[in-house]
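Residue-level listing of the chains:
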Amino acid sequence: MASSCCGVKKQKLNNSMPSICNGNLTGGHSSFHKNGYSVILPEMCYFCFDVLHGHLHNYEPPRSTPPFTNEAYPLFVTWKLGRERRLRGCIGTFSPTSLHGGLREYAVTSAMKDSRFDPITKEEFSKLHCSVSLLTHFEEAVDYLDWELGSHGIRIEFVNEKGHKKTATYLPEVAIEQGWDKIQTIDSLLRKGGFKGPITPEVRKSIRLTRYRSEKITIAYNDYVAQKQNGNA
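None of these values were measured; they are calculated from a predicted model.

Caption draft 1: A positive patch on the surface, seen in detail. A cluster of basic side chains, namely Lys 162, Lys 166, Arg 191 and Lys 196, defines a positive patch on the protein surface. Tracing the backbone through its elements, the reader meets Lys 196 in the loop between α4 (182–192) and α5 (201–205).

In structure tokens form, the structure reads like this:
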């Protein structure tokens with residue numbers, strides 16, 4: 001199942017059950033190491049650009065094996081537009097998913113099926129930034145405040161005013177980008193998940209919260225083009 005993860009289109013966020021957007025980067029790049037080698041790589045974003053370009057232009061991207069691991073991780077793909085990096089789509093999954101198939105799927109799903117936005121167009125492609133986030137270190141929190149701003153992404157489960165179980169998530173960077181404290185983040189996440197009643201201390205205390213960490217890498221279209229040109233040189 002897929003969930004939306006990040007950003008805010010002025011507070012209206014998706015709550016289908018794929019998710020993801022990720023953590024803190026330096027210079028647009030970061031790497032997650034496992035057994036001494038880097039798992040998250042720029043090639044993951046290049047691959048997403050290839051897949052989306054093929055979808056927009058109605059051709060099948062090459063089926064050659066991508067140059068990164070095919071291990072399974074919870075993952076998110078995020079597309080942002082222009083210098084202001086306006087969010088255009090962010091969808092992923094909390095279920096461990098093989099990276100080759102998962103990135104192929106969510107590169108398109110996040111671009112075309114995020115219900116908060118119109119599908120990305122051919123005209124926008126050259127202005128895009130792509131981010132891939134891998135989620136790790138899931139821990140059940142003691143309570144709704146048992147997490148750290150900027151370090152943890154959070155996923156909440158709650159029962160809405162009609163008695164239905166709902167879930168919602170924010171990636172680690174969202175609260176910092178929005179300037180929220182923990183209470184504001186929790187209240188926003190409840191609204192994102194569709195809670196329409198008054199948000200009382202009792203409602204907050206009833207939340208089941210899972211915290212996690214995320215590693216993310218971001219590549220701009222210009223970097224993608226440069227990589228393609230170098231590859232063809």
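Caption draft 2: Expanded view of the pairing of strand β7 (residues 153–159). Buried residues dominate β7, accounting for five of its seven residues. In this sheet, strand β9 (residues 208–220) lies alongside β7 in antiparallel orientation, the contact comprising five bridges. When the bridges of β9 are listed, Arg 155 appears paired with Thr 210. In the sheet, β7 pairs with strand β8 (residues 165–170) via six bridges, with the strands oriented antiparallel.

Caption draft 3: Representation of the environment of Ala 168 within the structure. In this structure, Ala 168 sits in strand β8. Take Ala 168: its relative accessible area is 4%, and that puts it in the buried class.

Caption draft 4: Up close: the packing of aromatic side chains. One pass over the full model with this rule turns up 14 aromatic pairs. On the numbers, 6.5 Å between centres and 65 degrees between planes, the contact of Phe 49 with Tyr 221 is edge-to-face. Taken together, the residues span a long stretch of sequence, with Phe 49 in helix α1 (residues 42–56) and Tyr 221 in helix α6 (residues 221–232) at a distance of 172 residues. With 6.1 Å between their ring centres and 75 degrees between their planes, Phe 158 and Phe 195 make a pair best called edge-to-face. One end of the pair, Phe 158, is in strand β7; the other, Phe 195, is in the loop between α4 and α5, and 37 residues separate them in sequence. The residues Phe 158 and Phe 195 share a single accessibility class, namely buried. Each member of the aromatic cluster is reached from another via a ring pair, and the members are Phe 49, Trp 79, Phe 125, Tyr 221 and Tyr 224. Sitting over the ring of Phe 94, Arg 155 keeps its end group 5.1 Å from the ring centre.

Rules and cut-offs
Residues numbered from 1 in each chain as written. Predicted model: local features only at pLDDT ≥ 70, side-chain atom pairs only at ≥ 80, totals over all residues. Heavy atoms only, no water. Patch = residues over 30% accessible without salt bridge, like charges linked within 9 Å, V, L, I, M, F, W, Y side chains within 5 Å. Areas by Shrake-Rupley, 256 points an atom, 1.4 Å probe, with all protein chains shown as cover. Salt bridge = Lys/Arg side-chain N within 4 Å of Asp/Glu carboxyl O. Lys, Arg positive; Asp, Glu negative; His and termini not counted. Charge placed at Lys NZ, Arg CZ, Asp CG, Glu CD. Helix = DSSP H or I, 4+ residues; strand = E, 2+ residues; numbered from the N terminus. Buried < 20%, exposed > 50% of the residue type's maximum accessible area, 1.4 Å probe, protein only. Pairing = 2+ DSSP bridges. Phe/Tyr/Trp six-rings, centres within 6.5 Å; stacked < 30°, edge-to-face > 60°. Lys NZ or Arg CZ within 6 Å of the ring centre and 35° of its normal.

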